[in-house]
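Understanding the architecture of this molecule
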Amino acid sequence: MEPKPRPPHCLVFPYTMQGHINPMQNFSKNLVSKGIKVTFVTTKFCLNSFQQFSDSMPVEIISDGFDDGDYASAESQEAYWSKFKRAGSETLTKLIEKLNSTGFTVDCIIYDALMSWVLDVVKSFKLVAAVFFTQSCAVDNIYYHVGKGLIEVPVENRVSVPGLPVLEPLDMPSFVQNPGAYPVALDVTADQFSDIDKVDWVLCNTFYELEEEVIQWMSKQMRFRAIGPAIPLKYLHNEITPEDDTDNGFKPETDSCMNWLNKQQDHSMVYVSFGSLAELDAGQMQELASGIKESKKPFLWVVRASEEAKLPKGFLEETSAKGMVVPWCSQVEVLAHKALGCFVTHCGWNSTLEALSFGVPMVAIPVWSDQYTNAKFVADVWKMGLKVDVDEKGAFKGEMVQHCIRQVMDGEKGKEIETNSRRWMEMAREAVKEGGSSDSSINEFVASLNQLSN
Ligand code: UDX
């Protein structure tokens, strides 16, 4: 009898931030369901910081050179990235040697586009290189053009980029708007495409129908495949709803969130979250709090522990009957809940895709990075939300937050936004269903890996 072929083995290596780990982990789970063996790779600090690793696939540790702390423990951002590259290349090489010699032969590395140095390690072992972009194709294309020197930074005038609408400077990612404020970030993001012609697969967390024109353009430059939205499929496929999910590993604060949401009427709630990194100053926090309070809607607001001291004095007491503030929640479950009517968001790409996949209309308040571009698309291209005016220093007005929430939930514009939100939700779900555009791209990738190991 022929021996059973071993499944192809991929190492999946995200950058060590929540917004990068989540989509790459969800994508990995999808690969595992299609018969691929996946080993997740991360740093020691990251493994200890994120609870989500406990229940999923095997995890191996490499070093970024800062085993007892994150990038904040480096003397500068430059020092962090250069040490990460050195220590990461060394320890990733050792890890592959170990796996290969213990019967877990590695076939492919799926690595975060921010760590372009991984390609050299992949090539030294003659493995398949699949680079994973965690941001939108539109944003990736902007960085592609910046890397090629085709967009002058800082951007001071309107910009035309193939496949994209004309963009104002304030619609561009903050690293491109104002590179002086983020010296290393611009180099790292522009470097994502430096050796792209040597990469075998370019995987992006988006879906074809959402960014058709720009995806077509990118696909002419490289082997680009849209594989998203990379979020837990059990909710997207309607196999289970948050209300009856008894196996969701909620942390205590999420249980209390669910209890709170279960008490609210359908589509009545405002959910507010600015992701895992964005920091608001006291003035921004004051305006946001007043906008939420004056909207008079019931709300659930995620204020991370590090941000809590900035809440206006008395806010929690004054709003305790109407709202709930938690340090973290299980966002996908919250967005999937039928009580949700509106999401006030910084427009991180995961939050944007998650809201879109559950048809939740958005009020966009971008803070930094790709969020400005995502907010522009949410409001003006996909028309599934409104954008609060934010100036070049990040300042915005509470009255406008309140106005946008009311418009989205009760106003004339809200009806069109709701219709569009539902349409995008259906398209997102179609894309990841069997035979959908993203599912087909993933199957193509999986088939090519299967050929390797057979
Ligand atoms: C970062 C960048 O800021 C973002 O712009 C980029 O696109 C990805 O990397 P972050 O700011 O954390 O990410 O935002 P986002 O991309 O929205 O990711 C946050 C993730 O944390 C989401 O998957 C969200 O579901 C999750 N989350 C957030 C929770 O699970 N609970 C929370 O309470 C808040």
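Before any of the text, the structure's been laid out above.
Figured I'd write up the structure that's included with this text. (Residues numbered from 1 in each chain as written. Predicted model: local features only at pLDDT ≥ 70, side-chain atom pairs only at ≥ 80, totals over all residues. Heavy atoms only, no water.)

1. Looking at the sheet that holds strand 1 (residues 9-13)
Pairing in this open sheet of seven strands is parallel, and the strands run 3-2-1-4-5-6-7 from one edge to the other. Looking at which strands have only one partner, the edges of the open sheet turn out to be strand 3 (59-62) and strand 7 (224-226). On average, adjacent strands in this sheet sit at an angle of 25° to one another, irrespective of strand direction. Against the sheet, helix 3 (residues 77-101) engages strand 1, strand 2 (37-43), strand 3 and strand 4 (108-112), with an angle of about 135° to strand 3. (Pairing = 2+ DSSP bridges. Helix = DSSP H or I, 4+ residues; strand = E, 2+ residues; numbered from the N terminus. Axes fitted to C-alpha atoms, helices over the stretch in contact; angles between N-to-C directions. Contact = heavy atoms within 4.5 Å.)

2. Quick look at the site of the ligand
Around the ligand, 21 residues are found, and the nearest of them are S276, C329, S351, E354 and D370. C329 places a main-chain nitrogen or oxygen 2.6 Å from a nitrogen atom of the ligand. Take Q371: an N or O atom from its side chain is 3.0 Å from an oxygen atom of the ligand. Protein coverage of the free-state accessible area of the ligand, which is 660 Å², stands at 97%. Taken together, the elements giving at least two residues each to the shell around the ligand come down to helix 1 (18-33) and helix 14 (349-357). (Near = heavy atom within 4 Å. Polar contact = N/O pair within 3.5 Å; in protein donor to acceptor, adjacent residues only side chain to side chain. Areas by Shrake-Rupley, 256 points an atom, 1.4 Å probe, with all protein chains shown as cover.)

3. Quick word on the sheet that holds strand 12 (residues 362-364)
Spatially, the six strands line up as an open sheet ordered 10-9-8-11-12-13, and their pairing is parallel. Looking at which strands have only one partner, the edges of the open sheet turn out to be strand 10 (323-326) and strand 13 (385-387). With strand direction ignored, the average angle separating the axes of adjacent strands in the sheet is 15°. Where strand 11 (residues 340-345) meets strand 12, three bridges bridge the pair, whose relative direction is parallel. Looking at the pairing, T345 lines up with A364 of strand 12. Seen against the sheet, helix 15 (residues 371-381) touches strand 12 and strand 13 and runs at an angle of roughly 125° to strand 13.

4. Some details on the environment of D439
Structurally, D439 is set in helix 18 (residues 437-453). Along the backbone, D439 and D281 are 158 residues apart, and their C-alpha atoms lie at a distance of 41 Å.

5. With respect to the pairing of strand 4
Of all five residues in strand 4, five are buried, a share of seventy percent or more. Neither face of strand 4 is left uncovered, since the one carrying C108, I110 and D112 and the one carrying I109 and Y111 both have all their residues buried. Bridging between strand 1 and strand 4 involves four bridges; their strand directions are parallel. Residue pairing for strand 4: C10 is matched across the bridge by C108. Strand direction decides the pairing type here: strand 4 and strand 5 (residues 128-133), joined by five bridges, are parallel. Bridge pairing in strand 5 places I109 opposite A129. The β-α-β motif built from strand 4, the intervening helix 4 (residues 118-124) and the parallel element strand 5 has right-handed crossover chirality. (Buried < 20%, exposed > 50% of the residue type's maximum accessible area, 1.4 Å probe, protein only. Right-handed = clockwise from strand over helix to strand, strands pointing away.)

6. Some thoughts on the state of the cysteines
The term disulfide refers to a covalent linkage connecting the sulfur atoms of a pair of cysteines. Inspection of every chain in the model, using the stated rule, returns zero disulfides. Left unpaired, C10 is separated from the closest cysteine sulfur, that of C108, by 4.0 Å. Unpaired in this structure, C204 has its nearest cysteine sulfur neighbour in C137, at a distance of 5.4 Å. Given the relative accessible area of 0%, C204 is considered buried. (Disulfide = S-S within 2.5 Å.)

7. With respect to the pattern of salt bridges
Oppositely charged side chains are able to pair whenever their charged atoms sit close together. Under the defined criterion, the tally for this structure stands at 15 salt bridges. K98 serves as the salt-bridge partner of E60, at 2.9 Å between the closest nitrogen and oxygen. Here the residue E60 occupies a position in strand 3, and K98 occupies one in helix 3, the gap between them amounting to 38 residues. Residue classification places K98 among the partly exposed residues on the basis of a relative accessible area of 40%. (Salt bridge = Lys/Arg side-chain N within 4 Å of Asp/Glu carboxyl O.)

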